[in-house]
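Topology and contacts: notes
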Amino acid sequence: MENLPRQAFGRARPVLSPRQTPRPFVLAPDLLEEQPPALVQDGAWLVSAVAAETRIMTPDGPRSAGLLAPGDQVLTLDHGALPLLWVGHRTATPAQIAERPDIGAIEIPAHAIAGGEPRLPLRVSPQAGILLDLAGGPDDGLLLRAEDLVGHAGIRRAPAAQVTYVQFLFRHHAIVAANGLLLESFHPAWLRPVRGDCRQRAEILSILPELDHGTDFYGPEVRQRAARQR
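Residues numbered from 1 in each chain as written. Predicted model: local features only at pLDDT ≥ 70, side-chain atom pairs only at ≥ 80, totals over all residues. Heavy atoms only, no water.

**Examining the overall build of the protein chain**
- Each helix and strand in the protein chain was counted, giving 3 helices and 16 strands.
- Long-range pairs, those at least 24 residues apart, make up 68% of the contacts in the protein chain between residues at least 6 apart in sequence.
- Just so you have it, the protein chain exposes about 10700 Å², and 54% of that area is on carbon and sulfur atoms. (Helix = DSSP H or I, 4+ residues; strand = E, 2+ residues; numbered from the N terminus. Contact = heavy atoms within 4.5 Å. Areas by Shrake-Rupley, 256 points an atom, 1.4 Å probe, with all protein chains shown as cover.)

**What to know about the confidence of the model for the protein chain**
- Confidence along the protein chain averages 81 in pLDDT terms, with 77% of residues attaining 70 or more.
- In this model residues 13–41 is a low-confidence stretch, pLDDT under 50, and it forms 72 contacts with partners more than four residues away in sequence or in other chains. (pLDDT = per-residue confidence, 0-100.)

**Let's talk about the packing of aromatic side chains**
- Applying the stated criterion across every chain yields a total of 1 aromatic pair.
- A ring pair is formed by Trp86 and Phe186, whose centres lie 5.9 Å apart and whose planes are at 55 degrees; its orientation type is tilted. Of the two residues, Trp86 sits in strand S7 (residues 86–92) while Phe186 sits in the loop between strand S15 (181–184) and helix H3 (198–207), which places them 100 residues apart along the sequence. (Phe/Tyr/Trp six-rings, centres within 6.5 Å; stacked < 30°, edge-to-face > 60°.)

**Topic: the environment of Leu182**
- Tracing the backbone through its elements, the reader meets Leu182 in strand S15.
- For Leu182, a relative accessible area of 6% gives the class buried.
- When the C-alpha atoms of Leu182 and Leu132 are compared, they prove to be 7.9 Å apart, with 50 residues separating the residues in sequence. (Buried < 20%, exposed > 50% of the residue type's maximum accessible area, 1.4 Å probe, protein only.)

**A word on the nonpolar core**
- Formed by 32 residues in total, the largest nonpolar core has its most connected members in Val50, Val124 and Phe168.
- Elements represented by at least two residues in this core include exactly strand S8 (106–108), strand S9 (122–124), strand S10 (129–132), strand S11 (142–145), strand S13 (163–169), strand S14 (175–178) and S15.
- Dropping the residues within four chain positions of it, Val124 is found in contact with Ala49, Val50, Ala105, Ile106, Ile108, Ala146, Tyr165 and Leu183.
- Counting residues in each nonpolar core, the second largest holds 12 residues, with Trp86, Leu191, Leu211 and Tyr218 among its members. (Core = buried A, V, L, I, M, F, W, Y, C linked by side-chain atoms within 4.5 Å.)

**Observations regarding the pairing of strand S3 (residues 55–58)**
- Note: S3 against strand S4 (residues 61–64), 4 bridges, orientation antiparallel. Paired with Ile56 across the two strands is Arg63, which belongs to S4.
- Turn length for the S3-S4 hairpin, with the two strands adjacent in sequence and antiparallel, is 2 residues. (Pairing = 2+ DSSP bridges.)

**Re the pairing of S10**
- Burial along S10 is two-sided: Gly129 and Leu131 and Ile130 and Leu132, pointing in opposite directions, are all buried.
- Strand direction decides the pairing type here: S10 and S11, joined by 4 bridges, are antiparallel. Paired with Leu132 across the strands is Leu142, a residue of S11.

Given below as structure tokens:
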């Protein structure tokens, strides 16, 4: 049976298939995580986030992440077009980043990944999950943290410039195209009852109140996650 969401996603995202050219990252197959790793002390606002200027693929073409709102449709790799349930925004100032470099954006140059992705330079949060094909990994790819790719293919920590991070929540964990690069959406399993997550947690629970009884009600992660290499 044909995978219609993938066909539509491919038509809207005209870049080379990741199977045409091996991606320049190698990971041992035993480095897999079954649960989300511990977060930075600030909470989940650094997870699965892109800079506001990022172009996100929608059924009507790419739109700036910072202009998307709940109810807007976004194209996903596995589920076709899905409406956004929640959109989170959080700004880190140059002064905050200079004091805490670990909250600054990761900068991915255009065409850094084999296959021509991303089509434009991209800034993402350090813990944004990027979907990559890796030697020894599953056929449908693995999610790697952006910060773990620093030093490969020109990927680096961005200068201490202001960045507004944007996060997207769908009814299912999903993969979206951000400047043509495949990134995960936000999964509520990252939320923790800590100070940095209070506003974010309250907003999400107001939309999905069943999550107050456990994030298992949301569903599984869409892909396996690669463990951090040490």
